[in-house]
Amino acid sequence: GQQVMQIPQYQHVQEGEDFTTYCNSSTTLSNIQWYKQRPGGHPVFLIQLVKSGEVKKQKRLTFQFGEAKKNSSLHITATQTTDVGTYFCAGRSSNTGKLIFGQGTTLQVKP
Amino acid sequence: NAGVTQTPKFQVLKTGQSMTLQCAQDMNHEYMSWYRQDPGMGLRLIHYSVGAGITDQGEVPNGYNVSRSTTEDFPLRLLSAAPSQTSVYFCASSRQGGPTEACFGQGTSLTVV
């Protein structure tokens, strides 16, 4: 079945450093979504990428969708303590509509 | 709109007990799903539904039942709770077409002793 793998599992950075998390799917995706979960909270939608090779930016966050629509990345420039949390990618199957999540990357930022 | 409402927020069960986790949404979303979250495992799909009367299994369906009699409600039933079902459970809903971002409930922390 469809699998979504995400690396790294954990990342500790100094405030001001950059951060990247990578997502790979075993199947071609109709779209990829990114979510952020703060400690003790629930996942909150950040963005959706649909087109092959698409790049979107939200302030210091840059999201990319691979040409083959099987991989994606989230890059945060100059991390801040407010970026702390777990970032999940999620791939939606065009056949079934199922939304399958990666394992998540937990980001810790040292002030 | 209240969004996605999950109840209860916390629950402790004894092994073998049954219970139902409630999930309701008021956004007229066609798609609803249940996930469990365990440390290091991310969010794993238990069951999902693409509309009233239609349900299907996700990645980890064993030990759980669901039904979708209305668009708004999607309860998750544990028929005989086991310690392996100790987890945080999230319900989510989304549209089928157009913007398909998932809206999550606040979660239910379940402990089976």
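As the structure is a prediction and not an experimental result, all values here were calculated from the model.

(A) Representation of the sheet that holds strand 7 (residues 61–65) of chain A. All names here are of chain A. With antiparallel pairing, 5 strands are arranged side by side in an open sheet as 1-3-8-7-6. Edge positions in the open sheet fall to strand 1 (4–7) and strand 6 (55–58), since each of these has one partner strand only. Strand-to-strand, the axes of this sheet are offset by a mean angle of 15°, without reference to chain direction. Across 4 bridges, strand 6 lies against strand 7 in antiparallel orientation. Each residue of the ladder has a partner; that of K57, found in strand 7, is T62.

(B) A look at the packing of aromatic side chains. Per the stated rule, a full pass over the model turns up 12 aromatic pairs over all chains. A centroid spacing of 5.9 Å and a plane angle of 45° characterise the contact between F19(A) and Y87(A), whose relative ring orientation is tilted. One end of the pair, F19(A), is in strand 3 (residues 19–25); the other, Y87(A), is in strand 9 (residues 85–92), with 68 residues separating them in the sequence. Per residue, the accessibility class of F19(A) equals that of Y87(A), and both read buried. Here a set of aromatic residues connected by ring pairs shows up, and it is made of Y35(A), F45(A), F88(A), F101(A), Y35(B), F90(B) and F104(B). Against the face of Y31(B) rests R92(A), its NZ or CZ located 4.9 Å from the ring centre.

(C) Just the interface of chain B and chain A, in detail. The interface of chain B with chain A comprises 20 residues on the first partner and 20 residues on the second. When chain B packs against chain A, close to 1600 Å² is buried across both sides, 54% of that on carbon and sulfur atoms. It is L43(B), T100(B) and F104(B) in chain B that bury the most area against chain A; as a group they hold 28% of the surface buried on that side. At the junction of chain B and chain A, the tally comes to 0 salt bridges. Applying the counting rule to chain B against chain A returns 8 residue pairs in polar contact (both at pLDDT 80 or more). Broken down by secondary-structure element, the contributors of at least two residues to the side of chain B that touches chain A are strand 4 (31–38), strand 5 (42–51) and strand 9 (87–94) of chain B. Ranked by the residues each element gives to the side of chain B that touches chain A, the list is headed by strand 5 of chain B, at 5 residues.

(D) Expanded view of unusual backbone geometry. Residues and elements named next belong to chain A. Of note, the bond from I7 into P8 is cis; its omega dihedral lies within 30 degrees of zero at -5°. Among the structural elements, P8 can be located in the loop between strand 1 and strand 2 (10–14). Despite not being glycine, K59 shows a phi value in the positive range, around 55°. With respect to the element layout, K59 can be found in the loop between strand 6 and strand 7. Taking the relative accessible area as the measure of exposure, K59 reaches 86% and is therefore exposed.

Conventions adopted
- Starting afresh in each chain, residues are numbered from 1 along the sequence in its written order.
- Chain A is the first chain written and ligand 1 is the first ligand written, with later ones labelled in order.
- Whole-chain, interface and lining totals are the exception, using all residues; otherwise, since this is a predicted model, local features are given only for residues with pLDDT of at least 70 and side-chain atom pairs are given and counted only at 80 or more.
- Water and hydrogen atoms play no part in the side-chain values, which are based on all heavy atoms of the structure.
- When DSSP finds two or more bridges between two strands, those strands count as paired.
- Elements are defined by DSSP. Helices are runs of H or I of four residues or more, strands are runs of E of two residues or more, and each kind is numbered from the N terminus.
- Inter-axis angles, ranging from 0 to 180 degrees, are taken between N-to-C directions of lines fitted to C-alpha atoms, where helices are fitted over the stretch in contact.
- Aromatic pairs are defined between Phe, Tyr and Trp rings, using the six-membered ring for Trp, whenever the two ring centres lie within 6.5 Å; interplanar angles under 30 degrees are classed as stacked, those over 60 as edge-to-face, and all others as tilted.
- Residue exposure (1.4 Å probe, protein chains only): buried if accessible area is under 20% of the type maximum, exposed if over 50%, otherwise partly exposed.
- For a ring to carry a charge above it, either NZ of a lysine or CZ of an arginine must fall within 6 Å of the ring centroid while also lying within 35 degrees of the normal to the ring plane.
- For this analysis, residues touch if any pair of their heavy atoms sits within 4.5 Å.
- By buried area we mean the combined loss of accessible area, with a 1.4 Å probe, across both parts when two parts are placed together.
- Definition used for salt bridges: Asp or Glu carboxyl oxygen within 4 Å of a side-chain nitrogen of Lys or Arg.
- Counting of polar contacts relies on pairs of N or O atoms within 3.5 Å, with two restrictions inside protein: one atom must be capable of donating a hydrogen and the other of accepting it, and residues adjacent in sequence are counted only when both atoms are side-chain atoms.

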